[in-house]
Amino acid sequence: MKRIDEWIVPEKIYDAHHHFFSYQGLERRAKRMGYDNLEKMAEDMAERTKQKMELPDRDINLFLEKWVREMNDKNVAKSMIFPDWNDLKFVEIAMDRHPDRFIPFLMINPKEEGAFHVLEEGYSRFAAKGFKLYPPLHYYHAYDDLLQPYYEFANDHRMMITYHMGISVGSMADIRFMNPADVSPVARDYSKTNFLFAHFATGYLQELLFLMYHVDNVYAETSSSNRWMDFMAYDINLQQVFERVIKASDTNHIVFGTDTTSFPRGWRKPIYDTQLAVCNAIGLNQEIGRAHV
């Protein structure tokens, strides 16, 4: 696991949270959500997020190359692949064409048929480094028995697990499954696995800090605009979030990401700029020299 100040310097940006939603994957999502067509789902998503959404090219190869050009333009050395749920196609193409630019990762919905096979195949074929789970969206507690085979597999193969806990975009997320405290017995029992919480656990900062204090294999990931800070019962800013996470653990337990999702926005350089400024303000980047964009 790289220190945040090794991921974020302009000379070698590594992004630990980069979505690659293909046209085919979005079609499947639209069908599951009851939409008659993908275009209507894209319109609704754009309205909820206040962000235009360009539909990806139907040709996954063209879609991949567009992202590679964007990474080149923004000086992103590597991105961790967050593909469609239980889908290996994009991972297969990315690792075949640009193995030096992508870190193979999976997104797993364990409640779908064949999900565990996707994990096994992703590891055996592409040496996937880990997988993402989204309990509030797929409606399970992180300690539920259905996840035991996934945790055992991750522990046996030294994989990392990323969680989205806390609030989510839209009304489909269920608040009953949002608390990082659910991971406490899991992190304790599967000590060879690293557990990474996207977006600082998206509003559950206190619980994340407690968890990081108690076990050594829990990490905070910095991605997204972190607008969850607007909904806290107390005032807090991003620099204070960084400082409290580092105080609860150390600088080796905070990982940089952007939560990049789609065009026309492309790779989220404003997220990078803001977080780089925070790193410099609190004295990180010292080993390589203070970095400026």
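All values derive from a computational prediction rather than experimental measurement. (Residues numbered from 1 in each chain as written. Predicted model: local features only at pLDDT ≥ 70, side-chain atom pairs only at ≥ 80, totals over all residues. Heavy atoms only, no water.)

1. Quick look at the packing of aromatic side chains
Heads up, the rule is: Aromatic pairing here means that ring centres of Phe, Tyr or Trp (its six-membered ring) are within 6.5 Å. Orientation follows from the plane angle: under 30 degrees is stacked, over 60 is edge-to-face, and everything else is tilted. In this description a helix means any DSSP run of H or I spanning at least four residues, a strand means any run of E spanning at least two, and both kinds are numbered starting from the N terminus. Partly exposed describes any residue whose relative accessible area lies between the buried limit of under 20% and the exposed limit of over 50%, with all areas from a 1.4 Å probe on protein chains only and scaled to the type maximum. To sit over a ring, a charge needs its Lys NZ or Arg CZ within 6 Å of the ring centre and within 35 degrees of the ring normal.
According to the stated counting rule, one finds 19 aromatic pairs in the structure shown. Ring plane angle 10° and centroid distance 5.3 Å describe the contact between Phe 82 and Phe 105, whose orientation is recorded as stacked. Of this pair, Phe 82 sits in strand E2 (residues 76–82) while Phe 105 sits in the loop between strand E3 (102–103) and strand E4 (106–107), and the two are 23 residues apart along the sequence. Each of the two residues, Phe 82 as well as Phe 105, counts as buried. Ring plane angle 45° and centroid distance 5.9 Å describe the contact between Trp 267 and Tyr 272, whose orientation is recorded as tilted. You can call Trp 267 buried: its relative accessible area is 2%. Through successive ring pairs, a cluster of aromatic residues spans Phe 20, Phe 63, Trp 67, Phe 90, Phe 102 and Phe 263. A cation over an aromatic ring shows up here: Arg 29 above the ring of Phe 21, its NZ or CZ 4.6 Å from the ring centre.

2. Description of the pairing of strand E6 (residues 160–163)
Along a regular strand, successive side chains alternate from one face of the sheet to the other. For clarity, the cut-off: Pairing between strands is defined by DSSP: at least two bridges between them are needed.
Every second residue of E6 is oriented toward a common face, with Met 160 and Thr 162 on one face and Ile 161 and Tyr 163 on the other, all of them buried. Looking at chain direction, strand E5 (residues 130–133) and E6 are connected through 4 bridges and run parallel. Paired with Lys 132 across the two strands is Thr 162, which belongs to E6. Direction of pairing for E6 relative to strand E7 (residues 194–197): parallel, over a ladder of 4 bridges. The partner of Thr 162 across the bridge, within E7, is Leu 196.

3. Regarding the confidence of the model for the chain
Counted only if it meets this: Along the chain, pLDDT gives the predictor's confidence residue by residue, from 0 to 100. Contact definition: two residues touch when any of their heavy atoms are within 4.5 Å.
Per-residue pLDDT for the chain has a mean of 92; in total, 93% of the residues score no lower than 70. Every residue in residues 286–293 is under pLDDT 50, and counting partners more than four places away or in other chains gives 23 contacts.

4. A word on the pattern of salt bridges
Worth spelling out the cut-off: By salt bridge we mean one thing: a side-chain nitrogen of Lys or Arg within 4 Å of a carboxyl oxygen of Asp or Glu.
With the rule as written, the count across this model stands at 14 salt bridges. Residue Lys 40 pairs with Asp 44 through a salt bridge whose shortest N-O separation is 3.3 Å. Of the two residues, Lys 40 and Asp 44 both sit in helix H3 (residues 38–49), 4 residues apart, roughly one turn of that helix. With its nearest N and O atoms 2.5 Å apart, the salt bridge here joins Glu 54 to Lys 66. In this pair, Glu 54 is assigned in the loop between H3 and helix H4 (60–74) and Lys 66 in helix H4, connecting sequence segments 12 residues apart. For Glu 54, a relative accessible area of 35% corresponds to the partly exposed category.

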